[in-house]
Amino acid sequence: MVVLVVATTSDPASIGPAAAFLAMPGWSPGPPIAEGMESFTNRNVQLLKHEHSIIAEDDLDQRWQEATGEPVSEVIFLSKHTAVSNRPALTVHPIGVPHLREDETPPQGGTPGWAAIPNPRIGPWLRLMQKIAAEQGLVPEFEITLEATHHGPVTSTPTMFVEIGSTEEYWGRQDAAQAVALVLWKGLGLENGNAVGNWQGKGEKVLLGIGGGHYAPRHMDIVNKDGVWVGHLLSGYSLPMDTPTQVNGKTSGEVGGMWKHSIKASYEATKAGFPGGEVIAHLDHKSFKGWQKNAVTSYLQEQNIRVGKPSDFF
């Protein structure tokens, strides 16, 4: 089984960290693959470079196995991050568009209604990135944060994105690229053989974040603590809910929309990413209106998904 790290030459925030990673010892040319792609190998880590949009190349894990005979255990994408705030940032996040209907076109890749299996390294690597960024002098200039589940490409194995944001000025920053490369180097165990974030499947608790903004501040409060595992993070925009009919000031009937599917798909993908773990939903209560919170908590109860308080994850 190999770890597949994916970079694109079309994105400075992708190829910069890849180049810094490849400058570290132990690399050799990887197996031949498709035209327009090249690969490099270092123990069980394979770095794949291509020329296209990072979200446009679906099924790279399956395509790698078909081309090389090597099954892929996980995929890590290197990419740029954009934000309205333009604030410099280093981010990690799971991927998928579970809230989209079949007749909708995903604006940034993926398949409508789909959630990738989240890479168990997301939580541990957020904390590793915070440590490395501080050591490298990037903090407080750079914010180190989770992002909610969003965009493609399609994968079948545990997946995460590691990104540099949020404008062209920062995408090409060599110090940011070096910090990401160090996260990969240390996090995948290439430094000393001790990888960070290997899931052991011994009944640990895993956070499924529901509600809140794109940077998941309420969930971040928990994930910042050592030992917390994190799966999918569904912000408010990934929980589309139709406003229900009101009768005498009370909600009447089912609350329509893709929110149920979004929760179910994300829960099932998170369970698949953490076999043997207990997936617990954590709600950003203040982000919901009363009727929304009632609908979500009732649905979680119907699905036998435990809802936890912050203290339940430690």
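Residues numbered from 1 in each chain as written. Predicted model: local features only at pLDDT ≥ 70, side-chain atom pairs only at ≥ 80, totals over all residues. Heavy atoms only, no water.

> An account of the nonpolar core is needed here, citing residue identities and associated values.
By size, the foremost hydrophobic cluster in this structure holds 52 residues, and its most contacted members are Val 5, Phe 21, Ile 76, Leu 90, Trp 125 and Val 162. Residue contributions to this core peak at 8 residues, all from helix H5 (residues 174-187). The next biggest cluster of nonpolar side chains, apart from the first, holds 23 residues, and it includes Val 206, Ile 210, Tyr 267 and Val 296. (Core = buried A, V, L, I, M, F, W, Y, C linked by side-chain atoms within 4.5 Å. Buried < 20%, exposed > 50% of the residue type's maximum accessible area, 1.4 Å probe, protein only. Helix = DSSP H or I, 4+ residues; strand = E, 2+ residues; numbered from the N terminus.)

> Hey, could you go over helix H3 (residues 122-135) for me, with residue numbers and the actual values?
Under the 1.5 Å per step criterion, the end-to-end length of H3 is 20 Å for 14 residues, consistent within 8% with the ideal 20 Å. With 10 of its 14 residues buried, H3 lies for the most part within the structure. Residues of H3 that are buried: Ile 122, Gly 123, Pro 124, Trp 125, Leu 126, Arg 127, Leu 128, Met 129, Ile 132 and Ala 133. One or two residues past the end of H3 sits Gly 137, with phi positive at roughly 75°. (Expected span 1.5 Å × (residues − 1).)

> Break down the side chain of Ser 238 for me, with residues and values.
Note that Ser 238 resides in the loop between strand S10 (229-234) and strand S11 (245-247). Once residues within four sequence positions are removed from consideration, Ser 238 is found in contact with His 99, Thr 149 and Ser 262. (Contact = heavy atoms within 4.5 Å.)

> Lay out the environment of Val 97 in plain terms, naming residues and giving numbers.
Locating Val 97 in the fold gives a position in the loop between strand S6 (89-93) and H3. Looking at Val 97, the relative accessible area reads 5%, which means it is buried. Sequence separation of Val 97 and Thr 149 is 52 residues, and the distance between their C-alpha atoms is 7.4 Å. When neighbours within four sequence positions are excluded, Val 97 is seen to be in contact with Pro 106, Gly 109, Gly 110, Thr 111, Pro 112, Gly 113, Trp 114 and His 151.

> Quick rundown of the pattern of salt bridges? Include the residues and the values.
What the rule picks out here adds up to 16 salt bridges. The shortest N-O distance in the salt bridge between Glu 191 and Lys 186 comes to 2.9 Å. In this structure, Arg 306 engages Glu 278 in a salt bridge whose closest nitrogen and oxygen atoms are separated by 3.0 Å. With Arg 306 in the segment after helix H8 (290-302) and Glu 278 in strand S13 (residues 278-283), the pair connects residues that are 28 residues apart, well separated along the chain. (Salt bridge = Lys/Arg side-chain N within 4 Å of Asp/Glu carboxyl O.)

> Describe in detail the packing of helix H1 (residues 12-22) against H5, supporting the description with residues and values.
Axis separation between H1 and H5 bottoms out at 8 Å; the angle between their running directions is 55°. Taken as axis vectors, H1 and H5 run oblique relative to one another. By crossing handedness, the relation of H1 to H5 is classed as right-handed. Contacts between H1 and H5 involve Gly 16, Pro 17, Ala 20 and Phe 21 from the former and Gln 174, Ala 177, Gln 178, Val 180, Ala 181, Leu 184 and Trp 185 from the latter. Considered class by class, the residues forming the contact of H1 with H5 number 8 nonpolar, 3 polar and no charged. (Axes fitted to C-alpha atoms, helices over the stretch in contact; angles between N-to-C directions. Parallel < 35°, antiparallel > 145°, perpendicular 65-115°, else oblique. Left-handed = near helix turned anticlockwise from the far one by under 90°. Nonpolar A, V, L, I, M, F, W, Y, C, P; charged D, E, K, R; others polar.)

As far as function goes, none of this settles anything; it's purely spatial.
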